[in-house]
Structures are given as structure tokens and as C-alpha cells.
Amino acid sequence: DGGITQSPKYLFRKEGQNVTLSCEQNLNHDAMYWYRQDPGQGLRLIYYSQIVNDFQKGDIAEGYSVSREKKESFPLTVTSAQKNPTAFYLCASSIFHVRQGNEKLFFGSGTQLSVL
Amino acid sequence: ELKVEQNPLFLSMQEGKNYTIYCNYSTTSDRLYWYRQDPGKSLESLFVLLSNGAVKQEGRLMASLDTKARLSTLHITAAVHDLSATYFCAVDKESDDKIIFGKGTRLHILP
């Protein structure tokens, strides 16, 4: 079955540590996105990528980094510079290279990151 | 900067009643999305609205789009408990493919 896989489901970070969240999709989608969701809040865009080897900052990119070396993969690293990383992180993908009209975001199941 | 505002942010309603959630956005866009999220879960796509006057319906939910007013509505007809969830609208900014979400409307339907 095609879809988006995020791992791990739960992740704990120690102070000063960098951690990486995995996002893999087998939908052959061009665009991939990372969002952060805080309790009772909406989704805020961290980074997005429309094509391999290219990505753009979203609204809250500070303290995060990404790479897009393969079409299928868009890992997110939460660096030690992110002072308040506890949140639910959602990865999404979509076909955007050729806009045909009805594209939508497909979401992974999310990673809950907590600070020890 | 693209802003997306939903209201209300929280709604508690009785089963069988009708209600509407509103989504306003601040700049031109070529598509608007509605998503549903159950507690602790990911987001499920409900509707994609592409043009002015677009209306889509699925069961007790109906979404519409007025691009001139920069407004979308999600109307709930004869609510049932199973519709309790958080509903998000999101807007695709034309120029750079950023998709920005509203804060969500937490809907609680009382049996």
C-alpha cells in the first residue's frame, strides 16, 4: 500500500542533543512538508521541499534542519538550538510538480517528541 | 504574509443541530483544503476546493468557497457524535506552494 511512514512514533531528546525524525513516502510525490503541532494548536510549517535537492524555510524554521537527497525521503533534524522542541511533528506529501487541480496533502501518522 | 483564521475555535453542540465553521484567509490562493483530526491521530483529508463558488458535500458535511470574500465554510447538518473532532482549513499560497493551516476548530457533539 502506498503511503507516508514516519518514525519513530515517540522520541525523547536530552538537553543539547540533536535528534532526527524520519519521513518516507512511496507515493511518488514531488513535494514534502514538515509541520509542528502544539497541544490544542494548529499546524505550523517548519520546512518544505518541492523537488529533490531543494527546500525552503517555513514559518518556524529556526532550530531545525532538513535534507532532500532522495524523492522518497525528507528527514527533519531538531537541533539543540531549538529550545522548546516538545510537540507533535507531522510530515506530509503531495503532487505539485504538475498542478492538475485536485492535489491534496497526505499525512504521516506523526512523531511525538518530548524533552527529558 | 498569508494568514488563515478559523472561527469558532471551540464548538460544543447537541446532536441533531446544524452549525457552520468559518475560514478566512488573507491573500489570493488557488486552493483551499479541509481536514479532520481525531485526538492523537494524523490528519484526514475531507475536501479540496479549487474555484470560486465550489461546493462539495460528503455525508453531513458540506464545504463551500468564496474566493472574492476569501472565505470558506464547513457546514454540519444534523450533527452526530461521530463527527466530534478537530477540523482544520488550510490554504495554498499561489506563488510558492506554502500550505498554511488555521488553528483548527475543536468540535464536541453532545449525545
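In the block above lies the structure referred to throughout.
This write-up is about the structure you can find in this document. (Residues numbered from 1 in each chain as written. Chains lettered and ligands numbered in written order. Predicted model: local features only at pLDDT ≥ 70, side-chain atom pairs only at ≥ 80, totals over all residues. Heavy atoms only, no water.)

### Digging into the overall build of chain B
Counting its regular elements, chain B contains zero helices and 11 strands. Beginning at the N terminus, the succession of helices and strands in chain B can be written as β-β-β-β-β-β-β-β-β-β-β. Of the roughly 5400 Å² that chain B leaves accessible, carbon and sulfur atoms contribute 48%. (Helix = DSSP H or I, 4+ residues; strand = E, 2+ residues; numbered from the N terminus. Areas by Shrake-Rupley, 256 points an atom, 1.4 Å probe, with all protein chains shown as cover.)

### Some words on the nonpolar core
Core analysis: the biggest nonpolar cluster contains 45 residues, and A:Tyr33, A:Tyr35, A:Leu105, A:Phe107, B:Trp34 and B:Phe101 have the highest contact counts within it. Residue contributions to this core peak at six residues, all from strand S9 (residues 85-93) of chain B. Residues contacting A:Phe107, with those up to four places away along its chain left out, are A:Ile4, A:Tyr35, A:Leu43, A:Leu90, A:Cys91, A:Ala92, B:Tyr35, B:Ser42, B:Leu43 and B:Phe101. Residues A:Ile4, A:Val66, A:Tyr89 and A:Cys91 belong to the second largest nonpolar core, which totals 20 residues. (Core = buried A, V, L, I, M, F, W, Y, C linked by side-chain atoms within 4.5 Å. Buried < 20%, exposed > 50% of the residue type's maximum accessible area, 1.4 Å probe, protein only. Contact = heavy atoms within 4.5 Å.)

### Some words on the state of the cysteines
Residue and element names in this part refer to chain A. Tallied over the full model, the rule gives two disulfides over all chains. Sulfur-sulfur distance for the disulfide between Cys-23 and Cys-91 comes to 1.9 Å. One disulfide, between Cys-23 and Cys-91, carries an S-S torsion of -75° and so falls in the left-handed class. Separated by 68 residues along the polypeptide, Cys-23 in strand S3 (residues 19-25) and Cys-91 in strand S9 (residues 87-94) bring together distant segments of the chain. (Disulfide = S-S within 2.5 Å.)

### Focus on the sheet that holds S3(A)
Residue and element names in this part refer to chain A. Pairing within the open sheet is antiparallel, and its four strands lie in the order S1-S3-S8-S7. Edge positions in the sheet fall to strand S1 (4-7) and strand S7 (64-66), since each has one partner strand and no second. Strand-to-strand twist in this sheet, taken as the mean axis angle between neighbours without regard to direction, amounts to 20°. (Pairing = 2+ DSSP bridges. Axes fitted to C-alpha atoms, helices over the stretch in contact; angles between N-to-C directions.)

### Side note on the interface of chain B and chain A
In this assembly, 23 residues from chain B lie in contact with 22 residues from chain A. With both sides pooled, the region where chain B packs onto chain A buries about 1900 Å², and carbon together with sulfur makes up 47% of that total. Inspection of the region where chain B meets chain A yields one salt bridge. In this assembly, chain B and chain A are joined by six residue pairs in polar contact (both at pLDDT 80 or more). Every element with two or more residues in the side of chain B that touches chain A is listed here: strand S4 (29-37), strand S5 (43-49), S9 and strand S10 (99-101) of chain B. The leading source of residues in the side of chain B that touches chain A is S4(B), at five residues. (Buried area = accessible area lost by both parts, 1.4 Å probe. Salt bridge = Lys/Arg side-chain N within 4 Å of Asp/Glu carboxyl O. Polar contact = N/O pair within 3.5 Å; in protein donor to acceptor, adjacent residues only side chain to side chain.)

### Some thoughts on a nonpolar patch on the surface
Residues and elements named next belong to chain A. A cluster of nonpolar side chains, namely Tyr-10, Phe-12 and Leu-116, defines an oily patch on the protein surface of about 390 Å² accessible area. Within the element layout of this structure, Tyr-10 appears in strand S2 (residues 10-13). Using a relative accessible area of 56% as the deciding quantity, one classes Tyr-10 as exposed. (Patch = residues over 30% accessible without salt bridge, like charges linked within 9 Å, V, L, I, M, F, W, Y side chains within 5 Å.)

Any functional reading would require information that these geometric values do not contain.
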